[in-house]
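Read off the chains here:
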Amino acid sequence: MGQRYAGIDIGSRTIELVVVDETDAIIESQERDTGFDPMAEAKGMIEKVSFDRIMATGYGRNLFEISFDAMTVTEIKAHARGARALFPDIQAIIDIGGQDSKAIALFDNGRVKKFEMNDRCAAGTGKFLEIMARTLGFSIEDFGPEALLAENSLNISSMCTVFAESEVTSLIAKGENRREIALGLHASVIRRAAGMINRVSTDGEIAFTGGVANNPCMATLLSEKLGRPIRVPEHPQRIGALGAALLAREAD
Amino acid sequence: MSEDYRSMWTDLGLDLVAHDALLSVLGQGYQDIYLSQKNRPEGMAYFDFVMSEVHGLRIKELLDEKAAGRKIVGSFCVFVPEELVLAANATLVGLCSGADFATEDVERLLPRNTCALIKSSFGFKLGKVCPYLESADMIVGENTCDGKKKAYESLGGLVNNLYVMDLPQVKSANGKALLKAEYQRFKAALEDLTGVAITKESLKDAIHTVNAKRAAIHRLSALRKADPAPISGLDALLANQVFFYDNPARFTESVNKICDELEKRIAAKQGVFPAKTPRILVSGCPQAVPNWKLPMIVEAAGAVIVGEESCVGERGTRHLTDASGETVEQMLDAIVDRHFQVDCAIFTPNPDRLEHIQQMVADYHADGVIHYGLQFCQPYLMESMPVEKALEDRQIPCLRIETDYSMEDVGQLKTRIEAFVEQLK
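The shown structure was predicted, so the numbers you read here are calculated from the model rather than taken from an experiment. (Residues numbered from 1 in each chain as written. Chains lettered and ligands numbered in written order. Predicted model: local features only at pLDDT ≥ 70, side-chain atom pairs only at ≥ 80, totals over all residues.)

Colleague: Please give an account of the overall build of chain B that cites residues and values.
Modeller: Broken down by element type, chain B carries 19 helices and eight strands. In summary, chain B has a C-alpha radius of gyration of 21 Å against a globular reference of 22 Å for 425 residues, a match within 12%. Overall, the C-alpha framework of chain B stretches about 60 × 50 × 45 Å when taken along its three principal axes. Here chain B holds 425 residues, and the buried ones make up 51% of them. Within chain B, counting contacts between residues at least 6 apart in sequence, those at least 24 apart form 75% of the total. (Helix = DSSP H or I, 4+ residues; strand = E, 2+ residues; numbered from the N terminus. Rg over C-alpha atoms; globule rule 2.2 N^0.38 Å. Buried ≥ 20, exposed ≤ 12 C-beta atoms within 10 Å, placed from the backbone. Contact = placed C-beta atoms within 7 Å.)

What follows is the structure, encoded as structure tokens:
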């Protein structure tokens, strides 16, 4: 049997593991919640698969490096590598994860040209959408589809999770339609994401990665806002782990 | 501390409990960040000693100077000319502004959205933990950014010896005339403080002393052009920071000694990191002791810092003062000429800085630039955008960082800086 390469992305919300073979084909993938003991979860995941080399990414990468003697790479390079593997023509990537978001521009050869990341707070990330969905009484899965059913979008001006929650509460108290509030919340996150993308890259195809890309309303609004083709992978949350696995093979 | 300085600190009016806490954090930070580095030049032992005695022996020296009739002048800015201070038989020291302290008390006097450097200078006063400030016979404030100039209005209520120097904001003939008038006024104030008239002999001596200190730093900087880099960015920053505190002659001698050692290292192709390590120029706001956050992250991420385009760095030290003048008037003009070249972001427009950054990138063979901005520092944050654009137009990667002295964003910064280093590899 040929060599097998693993990539593990230890994010704030979930951990993903992808194993590829020497032809870059994905032969295994796993996902679970990060929980409160990410190293125990990561250990449980890698025990179930076999691989020759592993590369870690995500905010838990340094802890993993120490615990398991692995190579590490930043989420930025990992997402760039993973997204380019699936979509060879993309010029940029927007990755929105559990508690951060990044826009990455690529050179033609796939290397990172420039990137931007959100600062210290969770504004404009998966956590923001999760809290807003809960405030409006939607499940995370239904939040995007329900928002897409709205006929109008209500303007939400606060980007801060705490302020936006009070803004939403007061809209609910005014009797506003909750789908319209939901659409407004999605639009506010997209405004921020589009601003980030525009600062690093002005044209060409964009890959949308990270767990938030599973939300269909986000992809729709992003494409409307930017007027550029948006590619969403089948499992957008796995792109970081895929990129890390591919980089593990290339480091060999 | 090798000696018990507690009675000295008590006499200076320090809050011993708070001061102990500060020293313990500082000592631990120095241990973790500095002493854990590998392949350090042996000559850095001098700076380790200086840092271990920064609130001890150095303060005792200053108090001994005072007892012998010298005066101590404290400053927050490179526009305060050390030449005039020395010539008037006084010693210039930089005042503490590199760590958060007594933040709650500070925010009763300054808005929250004031930069960390200004808040820090107030924190050290309000927390009674800066022996330099308490030893000073005169504290010089200077009208640089809006934050500082308005803050001095409040600082004036906390100390009884604040002197405020006005500064130009445009590099015009009028601007230069203002700087000259202010340096003349400062000269008179110093002479009044010390009772010593500045003579052409004392001023010439002072110019030579300060030039020698700057020349030693120039020599150190030039050695950082080598690959592998013979000294870490952390250690070179420390030398630039101690520039503001130490006895000038001893500092010059110690830096030159390190340079002798670095020359041998370079000849033997020895470095603090391997050859081809990504090389980074840091440009932007000053990094005062003990603000080592950025170089700590950069060098842990597998890059080396090869230069600082900063007031604590080349912006502050790169020009020498012409020492050829024969009269006090001529030498004062030379001091004005020298300081008028400092390309601080309070000047508008400020094209020299943009040019200097690019020159430094070329001279130090930097692979990329990290623009270091303190949150709420309007002048440098504003300039960071044209700086980034000018560099990127020339295919020089640039990462803009905006941060403060807290540690809460270290994880985020690590990811961004590691990704930037990956970009340079």
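That covers the picture; the talk isn't over yet.
Colleague: Describe in detail the overall build of chain A, supporting the description with residues and values.
Modeller: Of the regular secondary structure elements, chain A holds nine helices and 10 strands. Here chain A holds 252 residues, and the buried ones make up 49% of them. Across chain A, contacts joining residues at least 24 apart in sequence account for 68% of those joining residues at least 6 apart.

Colleague: Describe helix α10 (residues 173-194) of chain B, and please don't skip the residues or the numbers.
Modeller: Residues and elements named next belong to chain B. Between its first and last C-alpha atoms α10 spans 31 Å; for 22 residues at 1.5 Å apiece the expected length is 32 Å, and the two agree. Those residues of α10 lying buried are L179, Y183, F186, K187, L190 and T194. Viewed end-on, α10 has its buried residues packed into an arc of 110°, placing them on one side of the element. Away from its buried face, by an angle of more than 90 degrees, α10 presents the exposed residues A173, N174, A177, A188 and D192. Positive backbone phi, at 70°, marks G195, one or two positions downstream of α10. (Expected span 1.5 Å × (residues − 1). Arc of directions from axis to C-beta.)

Colleague: I'd like a rundown of the pairing of strand β8 (residues 112-117) of chain A, residues and numbers included.
Modeller: Residues and elements named next belong to chain A. Relative to β8, strand β7 (residues 101-106) runs antiparallel, the two sharing five bridges. Directly across from L106, in β8, lies its bridge partner V112. The turn joining β7 and β8, which pair antiparallel and follow one another in sequence, is formed by five residues; a positive phi near 90° is taken by G110. (Pairing = 2+ DSSP bridges.)

Colleague: An account of the sheet that holds β8 of chain A is needed here, citing residue identities and associated values.
Modeller: The five strands are arranged β8-β7-β6-β9-β10 (chain A) in an open sheet whose pairing can be described as mixed. Each having just a single partner strand, β8 and β10 (230-231) of chain A make up the two edges of the open sheet.

Colleague: Got a sec to walk through the domain arrangement of chain A? Specific residues and values, please.
Modeller: By a widespread convention, an interface's size corresponds to the accessible area lost as its parts come together. Residues and elements named next belong to chain A. Examined at the domain level, chain A breaks down into domain 1 (1-87 + 238-252) and domain 2 (90-232). The interface is formed by 12 residues belonging to domain 1 together with 18 residues belonging to domain 2. Among the elements that line the side of domain 1 that touches domain 2, the one with the most residues is helix α3 (residues 75-86), at six residues. (Domains from an automatic or database assignment.)

Colleague: Pulling in residues and values, what's your account of the sheet that holds strand β1 (residues 71-75) of chain B?
Modeller: Residue and element names in this part refer to chain B. A sheet is described by the order of its strands in space; here four strands give the open sequence β2-β1-β3-β4, paired in parallel fashion. Looking at which strands have only one partner, the edges of the open sheet turn out to be β2 (90-94) and β4 (162-165). Put simply, the sheet's adjacent strands are angled 30° from each other on average, direction ignored. Taken together, the three bridges between β1 and strand β3 (residues 138-142) define a ladder with parallel strand orientation. Across the sheet, G74 pairs through a bridge with I139, a residue of β3. (Axes fitted to C-alpha atoms, helices over the stretch in contact; angles between N-to-C directions.)

Colleague: Before we move on, can you summarise the interface of chain B and chain A with the specific residues and values?
Modeller: Listed by partner, the interface residues are 10 residues for chain B and 11 residues for chain A. Of the residues assigned to the side of chain B that touches chain A, the class counts are one nonpolar, four polar and five charged. (Nonpolar A, V, L, I, M, F, W, Y, C, P; charged D, E, K, R; others polar.)

Colleague: So what's going on with helix α18 (residues 378-393) of chain B? Which residues, and what values?
Modeller: Residues and elements named next belong to chain B. Taking 1.5 Å of rise per residue, 16 residues should cover 22 Å, and α18 covers 24 Å from first to last C-alpha, within 8% of that figure. The largest bend in α18 amounts to roughly 25° and is located at S384, with the proline P386 lying one to four residues further along. Restricting attention to buried positions, one finds in α18 the residues P379, Y380, E383, S384, V387 and L391. The secondary structure elements touched by the buried residues of α18 are β5 (279-284), α17 (351-363), β7 (368-374) and β8 (398-403). (Bend = angle between axes of the 7 residues up to and from the residue.)

Colleague: Please give an account of the environment of R4 of chain A that cites residues and values.
Modeller: Residues and elements named next belong to chain A. Within the secondary structure layout, R4 lies in the segment before β1 (5-10). A tally of 20 C-beta atoms within 10 Å means that R4 is categorised as buried. Considered as a pair, R4 and L242 are 238 residues apart in the sequence and their alpha carbons are 13 Å apart. Apart from the residues within four sequence positions on either side, R4 is in contact with V19, D21, I27, S50, F51 and D52.

Colleague: Quick one: what's the story with the nonpolar core, residue by residue and with numbers?
Modeller: Ranked by size, the top nonpolar core spans 209 residues in total, and within it I8, A92, I104, I206, A244 and A245 of chain A together with I280 of chain B carry the most contacts. Here this core takes 11 residues from helix α7 (residues 178-200) of chain A, the largest share from any one element. Inspection of this core shows a minimum of three residues originating in each of domain 1 (1-87 + 238-252) and domain 2 (90-232) of chain A. (Core = buried A, V, L, I, M, F, W, Y, C linked by C-beta atoms within 7 Å.)

Colleague: So what's going on with the confidence of the model for chain B? Residues and values would help.
Modeller: Residue-level pLDDT values for chain B average 97, and 99% of them are 70 or greater. This prediction of the complex comes with two scores: 0.94 for pTM and 0.90 for ipTM. (pLDDT = per-residue confidence, 0-100.)

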